[in-house]
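So the chains spell out like this:
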Amino acid sequence: MVLEIRNVSKTYPGAAQPALSDVSISVPAGQFLVILGPSGAGKSSLMRCINRLVEPTSGQVFFENKPIMGDLRAIRRQFGMVFQQFNLVKRLSVLTNVLSGRLGYRSVARSLFYSFPESDKQIAAECLARVNMEHKAFQRADTLSGGEQQRVAIARALAQQPKVILADEPVASLDPKIARQVLGYLRQVAKELGITVLCNLHQVDYAREFAERIVGMSRGRVVFDGLAAQLNEEVLNRIYYATAEEQAA
Amino acid sequence: MTVAGVLAAEAQRRREGFRRALLWSTGALALLWFTAAQIGLNPAALVRGVPFMLDFFGRMFPPDLAHLALLRDATVETVQIAVWGTLIAIVLSIPLALLGARNTTPHALVFHATRMFLNALRSINELVFALIFVAAVGLGPFAGVLAIALHATGMLAKFCAEEVEGVDRGPIEAMRATGAGRLQVILFGIVPQVVPAFVSYSVYRFDVSIRAATILGLVGAGGLGFSLIKTMKLFLYHQTATCILVIFVLVAVSDWLCARIRARIL
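Residues numbered from 1 in each chain as written. Chains lettered and ligands numbered in written order. Predicted model: local features only at pLDDT ≥ 70, side-chain atom pairs only at ≥ 80, totals over all residues.

Some remarks on the overall build of chain A
Turning to step 1, where the next piece is worked out: Looking only at helices and strands, one finds 10 helices and 10 strands in chain A.
Turning to step 2, where the next piece is worked out: In terms of C-alpha radius of gyration, chain A reaches 18 Å, essentially the compact-globule figure of 18 Å for 249 residues.
Turning to step 3, where the next piece is worked out: Each principal axis of the C-alpha distribution contributes one length, and for chain A these read about 60 × 40 × 35 Å.
Turning to step 4, where the next piece is worked out: The buried share among the 249 residues of chain A stands at 41%. (Helix = DSSP H or I, 4+ residues; strand = E, 2+ residues; numbered from the N terminus. Rg over C-alpha atoms; globule rule 2.2 N^0.38 Å. Buried ≥ 20, exposed ≤ 12 C-beta atoms within 10 Å, placed from the backbone.)

Okay, here's the thing in structure tokens:
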């Protein structure tokens, strides 16, 4: 198992309901895992508990059989992240955005001069080529379309040379055609490089189409864990429409 | 483009960027060197002047604390000038800012006229305004209030206009889609977005006005500056020192107060 989430719970300060209650998921290396659920199910919180952008209230996450603790910089660079709003630095060039994926490996002193070693540039250019965006390397990020921006964001995550990519609703703000294209790139590149992908989605179609395995979440709990083929009406009801009482029962 | 192509292009761009930076910085350096010579930038003169400065400070020491009582009224007047000047500027700058912002102005001509007017207000220093108003309304704090009000209006309105131009356009579109009129769109779509920055800048402006009000007395427009110039001209340096001390305390208190107010509202 590359990643083991064990009994993770999270209650935000001042919140009445926990965002995550007792979530346990084991992810084997190289898997394309879709975490499916409605908005507010706790998908984003779960992702951020893995790379510690959010501190879990209880429970532990094991990465390659070691608990995630200590040097967060060293841990975070193993996890590439892709966001719903892309989060590219708009005023920087595409190539510089991808190069920023190397920051976790470089000293602050060198970053002060916006300087990267040639080896990093090689990595960045290769990652851009993998998502077929190398022809726009020197354009400013804000001149790209949404789909292109997300491909660059994937390249940035790849430049980290991560073991795992955490994609948080990566296609929620893209149209269906572009969304499929972006998910296609994500799956293909991850396969080629042997990267494990955890991908949050709220659209059932995409989950069926792209997932090797689906974990369904509702109100901070895991309510389904299985193959795309097992995703029937009853399961979907559990994920999307269960009330709190039904869930407790 | 291939990976090798990207890397080659990157190297080329970096070389060109470096060459351009070198060229520009050499030019800028030469120009700065030339101007330094023109305006007599001379560290040696400063070093030679140190004994004279020490002599001057020596004459001011110790400050004449008995003079403090005489400065009380002038200090209060300074604060009053700053308060009224800033208040008038705030009131004037709201309409001027809306007229002088591209997205709220009723007409391009109004926009340009307003910006021109604001530029004029900003380019004239408070002291110069004070000279004009002393001639117009006579010696005293009212001339100081008007001087501060006009200069601050120029600053505040320009800042606010730029803030208005930079608002998020989404809510404006949404307000227009509801069938709201021009002014309604401004009131509901733009004003709420601008208020925090405007309030924060107004408080900052008050702080600046306090500092400006301490010297307006140099030209007879009220406040502490009058005592400052008077004692200096009469060679009562011990009293001058007291003036400077009071101004320092006043500015420090205003700075502290403004920082607290800004922390509260932001």
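From this point, the narrative continues.
So, the overall build of chain B
Turning to step 1, where the next piece is worked out: A tally of regular secondary structure across chain B gives 10 helices and zero strands.
Turning to step 2, where the next piece is worked out: Secondary structure of chain B in N-to-C order comes out as α-α-α-α-α-α-α-α-α-α.
Turning to step 3, where the next piece is worked out: Scaling as 2.2 N^0.38, a compact globule of 266 residues should have a C-alpha radius of gyration of about 18 Å, whereas chain B reaches 25 Å, well beyond that.
Turning to step 4, where the next piece is worked out: Referenced to the eigenvectors of the C-alpha coordinate spread, the extents of chain B come out at roughly 75 × 55 × 35 Å.
Turning to step 5, where the next piece is worked out: Burial status across chain B gives 31% buried among its 266 residues.

Details of the sheet that holds strand β10 (residues 221–226) of chain A
Residues and elements named next belong to chain A.
Turning to step 1, where the next piece is worked out: The strand order β6-β7-β8-β3-β9-β10 describes an open sheet built from six strands, whose pairing is mixed. The sheet terminates laterally at β6 (79–82) and β10, the two strands that pair on one side only. Each neighbouring strand pair of the sheet contributes to a mean axis angle of 20°, computed without reference to strand direction.
Turning to step 2, where the next piece is worked out: Inspection of the sheet shows strand β9 (residues 213–218) paired to β10 by five bridges, in the antiparallel sense. Residue V215 lies in a different strand from β10, and its bridge partner there is D225. (Pairing = 2+ DSSP bridges. Axes fitted to C-alpha atoms, helices over the stretch in contact; angles between N-to-C directions.)

Points about the interface of chain B and chain A
Turning to step 1, where the next piece is worked out: Residue-level contacts link seven residues of chain B with 11 residues of chain A.
Turning to step 2, where the next piece is worked out: For the side of chain B that touches chain A, the per-class residue count stands at five nonpolar, no polar and two charged. (Contact = placed C-beta atoms within 7 Å. Nonpolar A, V, L, I, M, F, W, Y, C, P; charged D, E, K, R; others polar.)

Structural notes on the sheet that holds strand β5 (residues 66–67) of chain A
All names here are of chain A.
Turning to step 1, where the next piece is worked out: Across the sheet, which stays open at both edges, the four strands sit in the order β2-β1-β4-β5 with antiparallel pairing between neighbours. The open sheet has two free edges, formed respectively by β2 (20–27) and β5, since each of these has just one partner strand.
Turning to step 2, where the next piece is worked out: Where strand β1 (residues 3–10) and strand β4 (residues 58–63) come together, five bridges link them in antiparallel fashion. Along β4, the bridge assignment pairs L3 with F63.

So, helix α6 (residues 146–159) of chain A
Residue and element names in this part refer to chain A.
Turning to step 1, where the next piece is worked out: Across its 14 residues, α6 extends 20 Å between first and last C-alpha, which sits within 8% of the 20 Å expected from 1.5 Å per residue.
Turning to step 2, where the next piece is worked out: Summarising burial for α6: 12 of the 14 residues are buried, a large majority.
Turning to step 3, where the next piece is worked out: Contacts made by the buried residues of α6 are with β6, α3 (94–99), α5 (118–130), β7 (164–168) and α7 (176–193).
Turning to step 4, where the next piece is worked out: Remark: Q161 follows α6 within two positions and exhibits a positive phi of approximately 50°. (Expected span 1.5 Å × (residues − 1).)

Notes on the domain arrangement of chain B
Where interface size is quoted, it is often the accessible area lost as the parts come together.
Turning to step 1, where the next piece is worked out: Its domain assignment divides chain B into domain 1 (3–49) and domain 2 (63–265).
Turning to step 2, where the next piece is worked out: Here the C-alpha centroids of domain 1 of chain B and domain 2 of chain B sit 37 Å apart. (Domains from an automatic or database assignment.)

A few points about the pairing of β4 of chain A
The side chains of a regular strand alternate, first on one face of the sheet and then on the other.
Residues and elements named next belong to chain A.
Turning to step 1, where the next piece is worked out: Summarising the sheet, β4 and β5 pair through two bridges and their orientation is antiparallel. Along β5, the bridge assignment pairs F62 with P67.
Turning to step 2, where the next piece is worked out: Once β4 ends, the chain turns through two residues before running back antiparallel as β5, passing E64 with a positive phi of about 50°.

Thoughts on the confidence of the model for chain B
Turning to step 1, where the next piece is worked out: Residues of chain B with pLDDT of at least 70 account for 100%, and the chain-wide mean is 91.
Turning to step 2, where the next piece is worked out: When mean pLDDT is taken per element in chain B, helix α4 (residues 108–123) of chain B scores highest with 96 and helix α7 (residues 169–177) of chain B scores lowest with 86. (pLDDT = per-residue confidence, 0-100.)

Regarding the packing of α5 of chain A against helix α1 (residues 3–38) of chain B
Turning to step 1, where the next piece is worked out: In contact at an axis separation of 9 Å, α5 of chain A and α1 of chain B are set at 130° when each is read in the N-to-C sense. Comparing the axis directions of α5 of chain A and α1 of chain B gives the class oblique. Note that α5 of chain A runs across α1 of chain B; the crossing there is right-handed. Two secondary-structure elements touch here, α5 of chain A through K121, Q122, A125, E126, L128 and A129 of chain A and α1 of chain B through V3, V6, L7 and E10 of chain B.
Turning to step 2, where the next piece is worked out: Along the lines of polarity and charge, the residues of the contact of α5 of chain A with α1 of chain B split into six nonpolar, one polar and three charged. (Parallel < 35°, antiparallel > 145°, perpendicular 65-115°, else oblique. Left-handed = near helix turned anticlockwise from the far one by under 90°.)

Concerning α4 of chain B
Residue and element names in this part refer to chain B.
Turning to step 1, where the next piece is worked out: Taking 1.5 Å of rise per residue, 16 residues should cover 22 Å, and α4 covers 22 Å from first to last C-alpha, within 8% of that figure.
Turning to step 2, where the next piece is worked out: Among the residues of α4, those classed as buried are T114, L118 and L121. What you see down the axis of α4 is that its buried residues fit within an arc of 55°, all on one side. Opposite its buried face, α4 presents the exposed residues A108, L109, H112, M116, A120 and S123, each directed more than 90 degrees away.
Turning to step 3, where the next piece is worked out: Residues of α4 that are buried in the fold lie against α3 (68–99) and α6 (141–165). (Arc of directions from axis to C-beta.)

Section: the nonpolar core
Turning to step 1, where the next piece is worked out: Grouped together as the largest cluster of nonpolar side chains are 73 residues, with contacts concentrated most on V98, L128, I154 and A155 of chain A.
Turning to step 2, where the next piece is worked out: Not counting chain neighbours up to four residues away, the residues in contact with L128 of chain A comprise L95, V98, M133, E134, A137 and A155 of chain A together with V6 of chain B.
Turning to step 3, where the next piece is worked out: Counting 47 residues, the second-largest nonpolar core is a separate cluster that includes L71, L99, A101 and F129 of chain B. (Core = buried A, V, L, I, M, F, W, Y, C linked by C-beta atoms within 7 Å.)

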